[in-house]
Amino acid sequence: MKTVLITGASSGYGRETARHFHSQGWNVIATMRTKRVGVLPESDRLRVVELDVTEPETVTAALETAGSIDVLVNNAGVPSIGVFEGTPMVRVREVFETNTFGVMTTTQAVLRQFRERGSGVVVNVTSSVVLGHMPLSAVYKASKMAIEGFSASLALELAPFGVLVKTVEPGACLTTNFAARATNGGSVDELVPEPYAPWAKSVMDDLTGQELYTEESDVAETVWRAVHDTTGQLRFPAGADAVRLAQAK
Ligand SMILES: NC(=O)c1ccc[n+]([C@@H]2O[C@H](COP(=O)([O-])OP(=O)(O)OC[C@H]3O[C@@H](n4cnc5c(N)ncnc54)[C@H](OP(=O)(O)O)[C@@H]3O)[C@@H](O)[C@H]2O)c1
């Protein structure tokens, strides 16, 4: 029986991916930075373990608890929306700590076991922002583009050892906590000072009025497909809006 370890499984895409792999008969290590009882039904095949990707000691401890794993899904991520000029550098660093360095930390922690065994898959959840150009997302996009480049290079480095690296690029979702977190549950106006405000409002109206969205199940199924891919494909758009962007590109 195979084992997947997923970061950021307390909600959204990560939780749905945990459910999906469990329903397919896998062992699931659903990690959360703070363990929340009842978010996922724990059993001998689904264990909830604490792991904060910005705290390397929790990564080491979680992997010791997990034992041997076959697949790592780097899903944990934080949003950042707003004008770059008004984004404090401390916030820029926080976004990179989770979205970029967090992914590298967990990946480095599993590589030795994957390489020595000659198998394993790392799936990095990025975003459809890497497929197109979108304003008000410079910091978030930079953090995710870094992981696209990291993954492309790492895939070549690990191929001789039978270890695969994939990226899953989800579109926007209305049901995860992500959009609310992007604006701290409030109006984006606070994050967009004058003189950007009128222009930024029209951009936000366009973004919130889009026709196509991504479902949580789209991401779970795409992660599953990426893990089982045998064609050498690196990048997997997930969700109707992401797929349309990829086709347009
Ligand atoms: N929803 C979208 O529109 C969208 C679009 C494109 C890409 N994505 C990407 O998809 C992934 C999942 O997002 P989602 O939509 O499912 O959002 P979500 O519901 O907000 O889930 C994000 C998850 O990441 C966890 N997390 C944040 N910081 C962490 C840390 N330092 N260590 C461990 N876990 C941490 C959160 O844990 P807590 O609950 O403890 O905060 C939560 O479990 C992210 O990488 C995001 O960038 C989302």
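The sections below set out a description of the structure shown in this document. Here the structure is a predicted model, which means the values were calculated and not measured.

**Structural notes on the overall build of the protein chain**
So, point 1. The secondary structure content of the protein chain amounts to eight helices and seven strands.
So, point 2. Taking 18 Å as the expected radius of gyration for a compact globule of 249 residues, we find that the protein chain reaches 18 Å, a close match to that expectation.
So, point 3. Seen through its C-alpha atoms, the protein chain measures out along the principal axes to roughly 55 × 40 × 30 Å.
So, point 4. Within the protein chain, counting contacts between residues at least 6 apart in sequence, those at least 24 apart form 68% of the total.
So, point 5. Positive and negative side-chain charges in the protein chain, numbering 22 and 28 respectively, have mean positions lying 5 Å apart.

**Quick notes on the site of the ligand**
So, point 1. Not every one of the 29 residues close to the ligand is listed here, only the nearest: Ser-10, Ser-11, Arg-33, Asn-75 and Tyr-140.
So, point 2. Contact between the ligand and Arg-181: an oxygen atom at 2.8 Å from a side-chain N or O atom of the residue.
So, point 3. Isolated, the ligand exposes 890 Å² of accessible area, and the fraction of that covered by the protein chains is 96%.
So, point 4. Residue assignment for the shell around the ligand shows that the elements contributing at least two residues are helix 1 (12–23), helix 4 (138–158) and helix 5 (178–182).
So, point 5. Per-class residue counts for the shell around the ligand are eleven nonpolar, 13 polar and five charged.

**Some thoughts on the pairing of strand 4 (residues 71–74)**
So, point 1. Side chains Val-71 and Val-73 project from strand 4 onto one buried face, and the interleaved Leu-72 and Asn-74 project onto a second face that is buried too.
So, point 2. Bridging between strand 1 (residues 3–6) and strand 4 involves three bridges; their strand directions are parallel. Across the sheet, the residue bridging to Leu-5 is Leu-72, located in strand 4.
So, point 3. Of the strand pairs in this sheet, strand 4 and strand 5 (residues 120–125) are connected by four bridges, and their pairing is parallel. Bridge assignment links Leu-72 to a residue of strand 5, and that residue is Val-122.

**Section: the pattern of salt bridges**
So, point 1. Within this structure, the stated rule accounts for ten salt bridges.
So, point 2. Residue Arg-235 is joined to Glu-148 by a salt bridge in which the shortest nitrogen-to-oxygen separation is 3.3 Å. With a gap of 87 residues between them, Arg-235 in strand 7 (residues 235–238) and Glu-148 in helix 4 connect regions that are remote in the sequence.
So, point 3. What makes Glu-148 buried here is its relative accessible area of 7%.
So, point 4. Ionic pairing is found between Asp-205 and Lys-201, a salt bridge with its closest N-O pair at 2.9 Å. Taken together, the residues Asp-205 and Lys-201, both in helix 6 (residues 197–208) and four residues apart, mark about one turn of the helix.
So, point 5. Of the residues examined, Lys-201 reaches a relative accessible area of 49% and is grouped as partly exposed.
So, point 6. Several salt bridges share partner residues, and in doing so they unite Glu-148, Glu-169 and Arg-235 into one network.

**What to know about the environment of Val-73**
So, point 1. By secondary structure assignment, the location of Val-73 is in strand 4.
So, point 2. C-alpha separation for the pair Val-73 and Val-168, spaced 95 residues apart in sequence, amounts to 9.7 Å.
So, point 3. Ignoring any residue separated from it by four or fewer positions in sequence, one finds Val-73 in contact with Val-4, Leu-5, Ile-6, Thr-7, Val-123, Val-125 and Val-223.

**Considerations on the packing of helix 1 against helix 7 (residues 216–228)**
When two helices pack together, their arrangement is given by the angle between the helix axes and the distance between those axes.
So, point 1. For the pair helix 1 and helix 7, the least separation of the axes is 8 Å and the interaxial angle reads 55 degrees. The pairing of helix 1 with helix 7 is recorded here as oblique in orientation. Along this stretch, helix 1 crosses helix 7, giving a crossing that reads as right-handed. Residues Gly-12, Tyr-13, Glu-16, Thr-17, His-20 and Phe-21 of helix 1 form the contact with helix 7, whose own contacting residues are Glu-216, Ser-217, Val-219, Ala-220, Glu-221, Val-223, Trp-224 and Val-227.

**Looking at the sheet that holds strand 6 (residues 163–170)**
The strands that make up a sheet pair up through hydrogen bonds in the backbone, lying either parallel or antiparallel.
So, point 1. The seven strands are arranged 3-2-1-4-5-6-7 in an open sheet whose pairing can be described as parallel. Two strands in the sheet have a free side with no partner beyond their single neighbour: strand 3 (46–50) and strand 7. Mean inter-strand twist for the sheet, computed between neighbouring axes without regard to direction, equals 20 degrees.
So, point 2. Across six bridges, the pairing between strand 5 and strand 6 is parallel.

**Some words on the side chain of Thr-98**
So, point 1. Within the secondary structure layout, Thr-98 lies in helix 3 (residues 89–117).
So, point 2. Apart from residues no more than four positions distant in its own chain, Thr-98 is found in contact with Val-53, Thr-54, Ala-76, Gly-77, Val-78 and Val-103.

**Considerations on unusual backbone geometry**
So, point 1. With a phi close to 70 degrees, Leu-136 is a non-glycine residue in the positive phi region.
So, point 2. Along the polypeptide, Leu-136 turns up in the loop between strand 5 and helix 4.

Conventions used here
Residues numbered from 1 in each chain as written. Predicted model: local features only at pLDDT ≥ 70, side-chain atom pairs only at ≥ 80, totals over all residues. Heavy atoms only, no water. Helix = DSSP H or I, 4+ residues; strand = E, 2+ residues; numbered from the N terminus. Rg over C-alpha atoms; globule rule 2.2 N^0.38 Å. Contact = heavy atoms within 4.5 Å. Lys, Arg positive; Asp, Glu negative; His and termini not counted. Charge placed at Lys NZ, Arg CZ, Asp CG, Glu CD. Near = heavy atom within 4 Å. Polar contact = N/O pair within 3.5 Å; in protein donor to acceptor, adjacent residues only side chain to side chain. Areas by Shrake-Rupley, 256 points an atom, 1.4 Å probe, with all protein chains shown as cover. Nonpolar A, V, L, I, M, F, W, Y, C, P; charged D, E, K, R; others polar. Buried < 20%, exposed > 50% of the residue type's maximum accessible area, 1.4 Å probe, protein only. Pairing = 2+ DSSP bridges. Salt bridge = Lys/Arg side-chain N within 4 Å of Asp/Glu carboxyl O. Axes fitted to C-alpha atoms, helices over the stretch in contact; angles between N-to-C directions. Parallel < 35°, antiparallel > 145°, perpendicular 65-115°, else oblique. Left-handed = near helix turned anticlockwise from the far one by under 90°.

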